[in-house]
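A look at the structure
What follows is each chain in one-letter form.
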Amino acid sequence: METDINLRSADNIRILSMAMVEKAKSGHPGGAMGGADYIHVLFSEFLNFDPDDPAWINRDRFFLDPGHMSPMLYSILTLTGHFTTDDLKNFRQYASPTPGHPELDIMRGIENTSGPLGQGHTMAVGAAIAERFLATRFGELFSHKIYTYISDGGIQEEISQGAGRIAGFLGLHNLIMFYDSNDIQLSTETKIVTAEDTAMKYRAWGWNVTTIYGNDQDQIRKALKKAVSEKEKPTLIIGKTIMGKGLLDNQGKSFERKTSTHGMPVSEAGGSFEKSLLNLHGNINDPFEIFAEVKNFYNIILSDKRKYAAEWRKKKEEWANQNSELAFKLDLFYSGKTPEIDFKSIVQKEGSATRAASSTVLGVLAKKVENMIVASADLSNSDKTDGFLKNTKAFSRGDFTGAFLQVGVSELTMTAVMSGMALHGGVIPACGTFFVFSDFMKPAVRLACLMGLPVKYIWTHDAFRVGEDGPTHQPVEQEAQIRLMEQLKNHHGVNGMLVIRPADSSETTVAWKMALENTKTPTALLLSRQNIKDLPSVQDDRFKEALKAEKGAYIVKDCKGSPDIIMVASGSEVSTLFEGADLLEKENIKIRIVSAPSEGLFRNQPEDYQKSVMPDNVPVFGLTAGLPVTLRGLAGPKGRIWGLDHFGYSAPYKVLDEKFGFTGENVYRQVKDYLAHYKG
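All residue numbers here refer to positions counted from 1 along the written sequence of the relevant chain. Given that this is a predicted model, residues contribute local features only at a pLDDT of at least 70 and side-chain atom pairs are listed and counted only at 80 or more, while totals for whole chains, interfaces and linings are drawn from all residues. Side-chain figures throughout are based on the complete set of non-hydrogen atoms in the structure, without hydrogens or water.

**Quick word on the overall build of the chain**
For the chain, the count of helices and strands is 27 helices and 16 strands. Here the globule rule reads 2.2 Å times residues to the power 0.38, and the radius of gyration is calculated from C-alpha atoms. Computed over C-alpha atoms, the radius of gyration of the chain comes to 28 Å, within 12% of the 26 Å expected from 2.2 N^0.38 for 680 residues, which places it in the range of a compact globule. With respect to the three principal axes, the spread of C-alpha positions in the chain is 100 × 60 × 45 Å. A buried classification covers 61% of the 680 residues belonging to the chain. Pairs at least 24 apart in sequence give 77% of the contacts found in the chain among residues at least 6 apart. Summing over all exposed atoms, the chain offers an accessible surface of approximately 26900 Å²; the carbon and sulfur share of this is 50%. Separation between the mean location of the 77 positive side-chain charges and that of the 83 negative ones in the chain comes to 1 Å. Helix numbering and strand numbering both begin at the N terminus, where a helix is a DSSP run of H or I of at least 4 residues and a strand a DSSP run of E of at least 2. Think of it in three bands: with a 1.4 Å probe and only protein chains considered, a residue is buried below 20% of the maximum accessible area for its type, exposed above 50%, and partly exposed in between. The contact definition used throughout considers only heavy atoms, calling two residues in contact when any of these lie within 4.5 Å. The accessible surface values rely on the Shrake-Rupley method and a 1.4 Å probe; as for residues, cover is taken only from the protein chains in view. In this tally, Lys and Arg are treated as positive and Asp and Glu as negative; His is ignored, and so are the chain termini. Taken as the charge location is NZ of Lys, CZ of Arg, CG of Asp or CD of Glu.

**With respect to the side chain of asparagine 6**
Structurally, asparagine 6 is set in helix α1 (residues 5–24). For asparagine 6, the residues in contact, after removing those within four places along its chain, are His40, Glu45, Gln217, Arg221 and Phe297.

**Quick look at the packing of aromatic side chains**
Each aromatic ring pair is characterised by the separation of its centres together with the angle its planes make. Under the pairing criterion, centres of Phe, Tyr and Trp rings, with the six-membered ring standing for Trp, must be within 6.5 Å; the plane angle then separates stacked pairs below 30 degrees from edge-to-face pairs above 60, leaving the rest tilted. All chains considered together, the criterion is met by 29 aromatic pairs. Consider the rings of phenylalanine 142 and tryptophan 312, whose centres lie 5.7 Å apart with planes at 85°: the pair is edge-to-face. One end of the pair, phenylalanine 142, is in the loop between α6 (119–138) and β2 (146–151); the other, tryptophan 312, is in helix α13 (residues 292–322), and 170 residues separate them in sequence. Here phenylalanine 142 matches tryptophan 312 in class, with each residue buried. Ring geometry for tyrosine 202 versus tryptophan 205: centroids 4.9 Å apart, planes at 85°, classification edge-to-face.

**Examining the sheet that holds strand β3 (residues 175–180)**
Paired strands, as defined in this entry, are two strands with at least two bridges between them according to DSSP. Strand order in this open sheet of 5 strands is β1-β2-β3-β5-β4, and the pairing throughout is parallel. If you trace the sheet from one side to the other, it starts and ends with β1 (61–64) and β4 (208–213), each paired once. Each adjacent strand pair in this sheet contributes to an overall mean axis angle of 20°, direction not counted. Pairing geometry for β4 and strand β5 (residues 235–240), over 6 bridges, is parallel. Each bridged residue has a counterpart across the sheet, and for valine 209 the counterpart in β5 is leucine 236. Each axis is a line fitted through C-alpha atoms, taken for helices only over the stretch in contact, and angles between the N-to-C directions span 0 to 180 degrees. Contacts from helix α10 (residues 217–229) reach β2, β3, β4 and β5, with the element oriented near 170° to β4.

**Some words on a negative patch on the surface**
Here, patches come from residues exposed beyond 30% relative accessible area and free of salt bridges, joined within 9 Å for like charges and within 5 Å for nonpolar side chains (Val, Leu, Ile, Met, Phe, Trp, Tyr). By convention in these notes, a salt bridge is any Lys or Arg side-chain nitrogen within 4 Å of a carboxyl oxygen on Asp or Glu. On the surface, a cluster of negative charge is made up of Glu579, Asp582, Glu658 and Glu665. By the element assignment, glutamate 658 lies in helix α26 (residues 653–660).

**Some points on the packing of helix α8 (residues 159–170) against helix α17 (residues 411–424)**
Following both chains from N to C, one finds α8 and α17 inclined at 65°, their axes separated by 8 Å at the closest point. The way α8 lies across α17 gives a crossing that is right-handed. Contacts from Ile159, Gly162, Ala163 and Ile166 of α8 reach α17 at Leu412, Thr413 and Ala416. Residues that form the contact of α8 with α17 fall into these classes: 5 nonpolar, 2 polar and no charged. Two helices crossing with the near one rotated counterclockwise from the far one by less than a right angle form a left-handed crossing, whereas a clockwise rotation gives a right-handed crossing. In this count, Pro and Cys sit with the nonpolar residues alongside Ala, Val, Leu, Ile, Met, Phe, Trp and Tyr, while Asp, Glu, Lys and Arg are called charged and the others, Gly among them, polar.

**As for α10**
In a regular helix each residue adds 1.5 Å, so 13 residues correspond to 18 Å; α10 covers 18 Å between its end C-alpha atoms and thus fits that length. Listing the buried residues of α10 in full gives Gln217, Ile220, Arg221, Ala223, Leu224 and Ala227. Contact partners of the buried residues in α10: α1, α3 (36–46), β2, β3, β4 and β5. You can read the cap of α10 off the contacts: a side-chain oxygen lies 3.0 Å from the backbone nitrogen of aspartate 218, and it is on aspartate 216. Multiply 1.5 Å by the residue count of a helix minus one, and that product is the helix's expected span. Think of a polar contact as two N or O atoms within 3.5 Å of one another; within protein, one of them needs to be a possible hydrogen donor and the other a possible acceptor, and neighboring residues in sequence only count if both atoms come from side chains.

**Here we look at the layout of surface pockets**
A 1.4 Å probe that fits but cannot get out identifies a cavity on a 1 Å grid over protein atoms alone, an open set with protein on both sides within 12 Å along at least five of seven lines counts as a pocket, and a residue lines either if it has an atom within 4 Å of a point. Grid points are joined across faces, edges and corners, and a volume is the space filled by probe spheres set on the points. Roughly 1200 Å³ of volume is contained in the largest pocket. Leu104, Ile106, Met451, Gly452 and Leu453 are, among the 42 residues lining the largest pocket, the residues nearest its centre. Across the lining of the largest pocket, the residue classes tally to 20 nonpolar, 14 polar and 8 charged. There is about 360 Å³ of room inside the second largest pocket. Looking at the second largest pocket, it is lined by 22 residues, and the ones nearest its centre are Pro615, Asp616, Leu634, Ala635 and Gly636.

**Quick look at empty space enclosed by the protein**
Counted by the stated rule, this structure contains 4 cavities of 30 Å³ or more. Here the largest cavity defines a volume of roughly 120 Å³. Residue lining of the largest cavity: 14 residues in total, with Leu47, Phe49, His82, Gly109 and Glu111 positioned closest to the centre. Looking at side-chain class alone, the lining of the largest cavity contains 7 nonpolar, 2 polar and 5 charged residues. A class-by-class count of the residues in the lining of the second largest cavity yields 5 nonpolar, 2 polar and 3 charged.

**Focus: the nonpolar core**
Membership of the largest hydrophobic core comes to 144 residues, with the highest contact counts inside it found for Ile129, Met372, Trp512 and Met567. The leading source of residues in this core is α6, at 10 residues. Not counting the four nearest positions on each side in its chain, methionine 372 is found in contact with Leu362, Leu365, Phe388, Ala403, Ile428, Ala430 and Trp512. Nonpolar cores are built from buried Ala, Val, Leu, Ile, Met, Phe, Trp, Tyr and Cys residues. Side-chain atoms within 4.5 Å join them into one set. Of all hydrophobic cores here, the second largest spans 57 residues; its members include Val21, Ile39, Met69 and Ile220.

Interpretation in functional terms is not warranted from these geometric data alone.
Shown next as structure tokens:
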């Protein structure tokens, strides 16, 4: 009897998934085998993409959440021509394009890096928002679907609550999520850890929910057709799948639904690779074979997808001829570039907090950068992202004419959503919250750094000067932690992140200029709650001088001849160094003050520039409101750093400055003592 080609295709995916894990002696075959029916139907019949142009802007996006199911993704992408069987044979090997968890590679059909559960589908929410934002501005010709795939683990991760709530609240009908509910996780069956009604939970958030047998391709088609036609709500398809579908043990009995196959090769899990291979009608001599009939079937599928993409391009060309200005704008949006902005003309209020200075810049960007989307975690009036909001409006259900996202109290969700926007393309995402809450965000920030996403993080209330809010809200160790990302290179060999802590309002304006020009990595802006005295201008053009911050560190005050000491800081501590310098200079001590908003960027400068700013054999005193290690790289092993080695306290910030020694008088005392004991 002739085997149905669709079932044969799904079995081919199962075999490839099983084989690559078996050869690597590492990986997760069971879930990939259970999801094969859905992934085949989705890619062959519903997902619109151009096999010849993986970066086509109007492709449907597929976001994988359970990155451990990479064998399934690599297998389907081999059928679509994005990978070769040799790539599959090198699964989990050094420098292979098939790492253990998928890493962003648009040209190979991989839309997101995934692995930490919960983030992948949350990125999909961000992509769905970006799609609606762009379709609102350019028309439904540019509408497409965002598909995502989640597992039991992703559903359990807390971030799924934020993603589900936001998608339902905004009515993201372009978002379709398949929940691979196989009731098995890495160490237990799911019933050991949860008894929640997932369907009811998502319905409460405003989703359409349908439950199907996830290995029945007819049920999958029916559910997807209904989801594609939905016009008001996101859709959750709960697919009850079989972990390790098709597996047999050494006695030829079923080895399906086993916890062991979640995270180890079939033969190590207690099953029989050979018997399972034969059960799925595979080639015992070549487990990596793409069946001839499957190859031919997918050639037809790919031909149809090329025709669809070509027809869309014809419509787009007609649209562009009739809408030349919009077409120019569309190209600009997807280029990642911003229009020319006269940052010098931005007028800052004297002595502003850098969060307020940022707000002033954001007010300009809201008018000038039409594809910028800003979000805040219920703090827009405090992190001052409301400077942007005052010039637009927040998204609401079915209305994406504005450009602001109020995400509520969900920092981790917000961060992954912004990553999804960046992954989609066409928009410039930025988000704000208090710096201490970067702790909630770091898992998603780390993935953004790994993927090289140009998200802008606006972190305000950057030090203990939060004051009366006390130690729970006062960052101490956070700057040291986030600056580690400046030292960590991504796979393109560049700093994982650009971290900028401006010293005054002019540096803040420059910091935003730097952030928008940085299209290769995330940028973090660390901004003060309290007002900061503007740094004195040497040439009566503070903005021009602040442009030197683009080199990461620069001299803001110098002396004649060689300095007796170099004092270095970032942020509000720079102005405190000026206060100390006034006292030290009365004793004829020659001072150089360096503002170092970004050590990572400074270390990327030519060595001669670095030496011109901070020459060897000159004592260095550093002042930081964070851990002393924050400035250790700049101060050097012989340098002295005044920082904090303890949590903050609840009190007015000026009191804390006195108690903690962040005054000009203490700078004077520390430098005098340091110089008295310094031995070069």
